[in-house]
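The residues making up each chain are set out below.
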Amino acid sequence: MKKLNVTKDLFESEVHSYITNKESLELIEKAYNCAYRVHQGQMRKSGEPYFVHLLNVAYILATLKSDPKTIAAGLLHDSVEDTGVTKEDLALLFDEEIANLVESVTKIKQLKFNDESEYLASNHRKIFIAMAKDVRVIIIKLVDRLHNMRTLEWHTPEKQKKIAGETLDVYAPIAHRLGINEIKNELEDLSFYYLKPDNYREVANLLEKKKTERDEHVQKMIGEIEELLTKNNIQYRIFGRSKHLYSIYKKMTYKHKRFEEILDLQAIRIVTKSELNCYEVLGHIHANYKPIPGRFKDYIAVPKMNMYQSLHTTIVGYEGDIYEVQIRTEEMDKVAEKGIAAHWRYKEGLNNNALNQKEIEEKLSLFRDINLMTAELDNPVEYMDMLQKDIFEANIYVMSPKGRVINLPNGATPLDFAYRIHTDVGHATVGAIVNNVLVPLNTPLKTGDVVQIRTSKQNPAPSEGWLKIVKTSHARNKIKTYFLKKEQENRAEMISKGEQIFKDELKKRNLEEKEFLDKTKLDNIYSYFSVSNYSDLMYAIGMKSLNSSAVVDKMTTKRNVLDNIANLFVSSKNKNLSKSKSGVKVAGIETMMIGISNCCLPLPGDEIVGYITKGAGVKVHRVGCPNIANSGRLIDVSWDEVILRPSYEAKIQIESKDRNFLLSDLITVVAQCQSNMVAVNSKVNNETLTAITTMTLMVKDLEHLRNVIANLRKVDSVLKIERIIN
Ligand code: MN
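Note that this is a predicted model, so its numbers are computed, not measured. (Residues numbered from 1 in each chain as written. Predicted model: local features only at pLDDT ≥ 70, side-chain atom pairs only at ≥ 80, totals over all residues. Heavy atoms only, no water.)

A.B. asks: When you look at the overall build of the protein chain in this model, what are you seeing that I'm missing?
C.D. replies: Helix and strand counts for the protein chain come out as 29 helices and 22 strands. Going through the 726 residues of the protein chain one by one, you find that 46% of them count as buried. In the protein chain, the proportion of contacts linking residues at least 24 apart, taken out of those at least 6 apart, comes to 65%. Split by element, the accessible area of the protein chain, about 37900 Å² in all, is 51% carbon and sulfur. (Helix = DSSP H or I, 4+ residues; strand = E, 2+ residues; numbered from the N terminus. Buried < 20%, exposed > 50% of the residue type's maximum accessible area, 1.4 Å probe, protein only. Contact = heavy atoms within 4.5 Å. Areas by Shrake-Rupley, 256 points an atom, 1.4 Å probe, with all protein chains shown as cover.)

A.B. asks: Even after reading the chapter, I still don't get the packing of aromatic side chains, so can you show me in this structure?
C.D. replies: Taken as a whole and assessed by the stated rule, the structure comprises 13 aromatic pairs. Pairing Y36 with F51 gives two aromatic rings, centres 5.1 Å apart and planes at 80 degrees, and the pair type is edge-to-face. Note that Y36 is positioned in helix α2 (residues 22-38) and F51 in helix α3 (residues 51-63), a separation of 15 residues in sequence. Ring centres 5.9 Å apart and planes at 75 degrees place the aromatic pair Y299 and Y308 in the edge-to-face group. (Phe/Tyr/Trp six-rings, centres within 6.5 Å; stacked < 30°, edge-to-face > 60°.)

A.B. asks: Explanation requested: the state of the cysteines in the structure shown.
C.D. replies: Such a bond, covalent and formed between the sulfur atoms of two cysteines, is termed a disulfide. A full pass over the atoms with the stated rule returns zero disulfides. The structure places no disulfide on C600, whose sulfur is separated from the nearest cysteine sulfur, that of C625, by 3.7 Å. Overall, C600 belongs to the buried group, its relative accessible area being 1%. (Disulfide = S-S within 2.5 Å.)

A.B. asks: Sorry if this is basic, but what is going on with the packing of helix α12 (residues 197-231) against helix α13 (residues 245-254) here?
C.D. replies: To describe two helices that pack against each other, one gives the angle between their axes and the distance between the axes. α13 packs onto α12 with a crossing angle of 100 degrees between their chain directions and a minimal axis gap of 10 Å. The angle between α12 and α13 places the two elements in the roughly perpendicular class. Within the contact between the two elements, α12 uses N199, Y200, V203, A204, L206 and L207 and α13 uses L245, I248, Y249 and M252. (Axes fitted to C-alpha atoms, helices over the stretch in contact; angles between N-to-C directions. Parallel < 35°, antiparallel > 145°, perpendicular 65-115°, else oblique.)

A.B. asks: How should helix α4 (residues 68-76) be read in this particular structure?
C.D. replies: Given 3.6 residues per turn, any residue in an α-helix points the same way as the ones three and four places further on. In terms of burial, α4 is a largely internal element, nine of the nine residues being buried. P68, K69, T70, I71, A72, A73, G74, L75 and L76 are the residues of α4 that are buried.

A.B. asks: What's the story with the nonpolar core in this structure? I'm lost.
C.D. replies: Nonpolar side chains in soluble globular proteins tend to be buried together. Of all hydrophobic cores here, the largest spans 59 residues; its most connected members are F11, I71, L76 and L142. Setting aside chain neighbours within four positions, we find L142 in contact with Y171, I174, A175, L178, I180 and L187. I612, I635, I652 and I654 belong to the second-largest nonpolar core, a separate cluster that totals 33 residues. (Core = buried A, V, L, I, M, F, W, Y, C linked by side-chain atoms within 4.5 Å.)

A.B. asks: When you look at the packing of α2 against α3 in this model, what are you seeing that I'm missing?
C.D. replies: In contact at an axis separation of 9 Å, α2 and α3 are set at 155 degrees when each is read in the N-to-C sense. Our classification of the angle between α2 and α3 gives roughly antiparallel. The handedness of the crossing between α2 and α3 comes out as right-handed. Along its contact with α2, which presents Y32, A35 and Y36, the element α3 presents F51, L54 and L55. (Left-handed = near helix turned anticlockwise from the far one by under 90°.)

A.B. asks: In this structure, what is going on with the sheet that holds strand β11 (residues 451-455)? I would like to understand it.
C.D. replies: Through backbone hydrogen bonds, the strands of a sheet pair up, either in parallel or in antiparallel fashion. Pairing in this open sheet of three strands is antiparallel, and the strands run β10-β9-β11 from one edge to the other. Two strands close off the open sheet at either side, each with one partner strand: β10 (437-439) and β11. Strand-to-strand, the axes of this sheet are offset by a mean angle of 35 degrees, without reference to chain direction. In this sheet, β10 lies alongside strand β9 (residues 429-434) in antiparallel orientation, the contact comprising three bridges. Note on β10: the bridge partner recorded for A432 is V439. (Pairing = 2+ DSSP bridges.)

A.B. asks: Whenever I open this one, the sheet that holds strand β22 (residues 718-723) confuses me. Can you help?
C.D. replies: The strand order across the open sheet built from four strands is β20-β21-β19-β22, with neighbouring strands paired in antiparallel fashion. Unpaired on one side and paired on the other, β20 (676-685) and β22 mark the two borders of the sheet. Here the strands of the sheet are splayed against their neighbours by 20 degrees on average, with no regard to which way each runs. As defined by bridge partners, β20 adjoins strand β21 (residues 690-699) across nine bridges and the pair is classed as antiparallel. Across the sheet, residue A679 finds its bridge partner in β21, namely T696. Its contacts with the sheet put helix α28 (residues 662-672) on β19 (648-657), β20, β21 and β22, and the angle it makes with β21 is roughly 20 degrees.

A.B. asks: Got a minute to help me understand the environment of A204 in this structure?
C.D. replies: Structurally, A204 can be placed in helix α12. When its relative accessible area of 24% is taken as the criterion, A204 is described as partly exposed. Separated by 45 residues in sequence, A204 and Y249 have C-alpha atoms that sit 9.7 Å apart.

A.B. asks: Which parts of the structure should I look at to understand the side chain of T690?
C.D. replies: Mapped onto the elements, T690 comes out in strand β21. When its relative accessible area of 12% is taken as the criterion, T690 is described as buried. If we skip the residues at most four places from it in the chain, T690 touches S656, K657, D658, K683, V684, N685 and L719.

A.B. asks: Just to check I follow, could you spell out the pairing of strand β6 (residues 322-329) for this structure?
C.D. replies: The side chains of a regular strand alternate, residue by residue, between the two faces of the sheet. Most of β6 is tucked away, with seven of its eight residues classed as buried. As paired elements, strand β2 (residues 267-272) and β6 share six bridges and run parallel to each other. From the neighbouring strand, I270 faces β6, where its bridge partner is I327. Of the pairings in the sheet, the one linking strand β5 (residues 311-316) to β6 comprises six bridges and is antiparallel in character. Considered in β6, the bridge of I315 is made with Y323. Hairpin remark: β5 followed by β6, antiparallel, with five residues in the connecting loop; positive phi at E319, about 60 degrees.

A.B. asks: Just to check I follow, could you spell out the environment of E88 for this structure?
C.D. replies: Relative to the elements of secondary structure, E88 occurs in helix α6 (residues 87-93). Put simply, E88 and A99 are eleven residues apart on the chain and 7.4 Å apart in space, counted from C-alpha to C-alpha.

A.B. asks: Hey, could you run me through unusual backbone geometry in this one?
C.D. replies: Leaving glycine aside, a negative phi is the common case for residues, and trans is the common case for peptide bonds. The backbone of K65 sits at a positive phi, close to 60 degrees, despite the residue not being glycine. Within the element layout of this structure, K65 appears in the loop between α3 and α4. For K65, a relative accessible area of 24% gives the class partly exposed. Residues other than glycine seldom take positive phi values, yet N510 does so here, at roughly 55 degrees. Within the fold, N510 resides in the loop between α22 (473-508) and α23 (513-516). Judged by relative accessible area, N510 falls into the exposed class, the value being 72%.

A.B. asks: When you look at α28 in this model, what are you seeing that I'm missing?
C.D. replies: Of all the residues in α28, the buried ones are L662, L666, V669 and V670. Each buried residue of α28 lies within a common arc of 100 degrees when the element is viewed along its axis, so the set occupies one face. Buried residues along α28 sit against β19, β21, α29 (702-713) and β22. (Arc of directions from axis to C-beta.)

A.B. asks: Looking at this model, I keep getting lost on the pairing of β21. Mind explaining?
C.D. replies: In terms of burial, β21 is a largely internal element, seven of the ten residues being buried. Both β19 and β21 contribute to a ladder of ten bridges, which runs antiparallel. Bridging across to β21, S656 finds its partner in A691. Between β20 and β21, which pair antiparallel one after the other, the connecting turn spans four residues, and L689 there sits at a positive phi close to 60 degrees.

Written out as structure tokens, the structure reads:
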């Protein structure tokens with residue numbers, strides 16, 4: 001465990017080692033004094049003044065060669081949360097940039113993952129990155145965590161385990177993705193120490209036991225290589241390198257290796273002047289020692305995603321021991337240890353602010369693009385998969401005022417947020433406040449937004465217009481369910497209203513309620529009024545779409561209209577079936593003209609009903625076609641397999657997100673499904689960017705149409721397909 005007593009002198013000498021500009025030094029001094037003042041009187045768990053923490057953070061930042069503003073922000077990073085200082089104060093006292101850095105660090109700190117289900121390390125990492133906006137915020141947070149881990153001994157064992165777990169799951173991987181290996185290794189070892197103290201001790205003891213022998217061998221091996229390189233006039237630095245404990249433990253547990261089997265326990269690093277020198281050194285080493293096949297890696301030609309560059313080889317060396325050798329330039333070595341921080345370490349004289357800032361932004365956006373959080377950056381296939389996943393499942397993370405993090409799809413609105421908090425909150429929403437500003441409910445949210453929902457206590461009810469606003473299926477379903485329930489309640493009300501009207505009608509005519517509410521009697525009239533049961537009938541009466549007196553008329557008349565019409569056409573008493581070119585037969589009728597209606601375009605397989613037109617015979621409709629609802633001129637018809645046409649017309653409407661080649665993709669699918677297209681028409685709504693395509697197709701039957709629709713549904717960006725009725 002590193003124990004370092006950072007004094008003001010030590011901090012200043014670190015700062016002076018690379019910053020000499022007077023203004024910059026004054027800025028750091030000012031931040032130092034400010035932090036000292038505002039935290040005065042605060043103590044850490046260790047009993048030390050709080051300021052010690054800030055000094056340590058600033059010191060580590062200086063060892064990473066951070067720019068003066070980052071160091072200032074490091075000194076002030078806890079001031080907004082822990083003291084009365086505000087962001088505005090910092091902007092006035094220092095500048096907007098420093099104020100923003102401190103604010104972002106504070107915001108990340110306020111993230112709370114109370115709900116266990118929401119705690120997903122990879123999510124947490126993404127939120128962290130997304131919220132940081134500036135890579136310097138991430139570096140300050142990492143350094144802050146590093147110092148907190150170094151002083152974790154002052155916490156309770158439960159707290160130690162919780163913080164160490166989070167460090168291992170969230171912080172160490174971020175340090176790894178940024179290539180800051182120094183910090184990553186220390187975070188891992190410290191977490192390991194608190195999470196698995198027994199294993200930690202075991203590995204530490206194993207390392208210690210063999211240390212003398214190993215050190216001796218490594219020194220001998222180094223001597224041999226030195227001789228070799230000097231003889232060949234190559235400038236170099238060479239040193240032995242010890243693996244950190246957690247990585248040894250991981251290899252022992254995950255790769256099931258015994259301690260002795262871990263090949264790179266004995267490692268040597270050679271740092272030389274140029275890339276060319278690296279390959280030269282490699283050549284000499286391979287010429288003198290036997291390399292182990294499959295262990296050579298050229299990360300100079302193909303750098304790792306976190307920009308790491310080096311040559312790695314494993315050789316059989318002194319005493320037949322196995323040595324891992326890393327060969328790299330000074331610059332590569334810096335990047336390997338300090339990672340992303342090395343790329344824009346502060347260089348005086350260059351126009352740092354403008355140039356560096358731009359470089360930082362570019363690098364950071366690069367890191368965002370390539371997705372920092374891939375599980376294993378060394379594996380290109382997995383990396384591409386993850387990248388793909390992230391593009392398609394682009395998420396945003398917003399917070400409740402209490403810091404609860406809610407994960408929503410891109411484009412989600414305050415309403416989606418409200419329904420995710422609770423269905424009742426969603427229903428009662430009347431307004432939304434995002435980052436302290438009242439906004440319309442359809443405002444798309446961004447990562448980091450703090451969202452507050454205003455609700456109404458009186459008559460909380462969603463509006464149907466919300467269905468067009470919400471982006472999550474969760475919210476959409478809740479709204480739909482609400483209206484469905486409402487409709488059912490209305491329906492129950494309408495049914496009893498219909499019953500009352502019906503009873504009143506009976507009373508008016510002095511008819512017996514009991515006799516007319518008889519089930520068998522009612523059963524006979526349902527199809528006549530094209531309703532399917534008692535409640536439908538009463539609902540129709542309640543809704544006034546069916547006249548109660550017509551119903552009673554029908555029940556009191558012995559011969560109905562339908563019988564009359566049917567009788568006109570009956571040519572014989574036997575049940576011969578009439579056939580026609582429509583493919584539809586009418587029981588008991590031969591000579592009737594039968595045609596397919598143009599509105600609902602029934603297909604073989606559809607449930608159908610005939611409508612007796614005035615003078616044009618029978619038109620066949622789909623059961624439930626609104627154009628014939630409640631009509632009294634209906635007749636039973638059915639499909640006749642013997643006389644079916646080869647194909648029938650069908651009309652569908654396809655709703656989809658607009659994109660290039662959408663129409664041609666749709667048409668291709670129709671053709672592939674052996675269907676002919678008769679007509680097509682496509683319209684794009686520029687506001688919602690949805691395309692509505694209507695198609696008239698020729699299909700064999702309902703099954704064929706269903707097959708076409710199923711295949712069209714698979715076309716990318718198609719949202720909804722419906723059969724339409726004119
Ligand atoms: Mn802190």
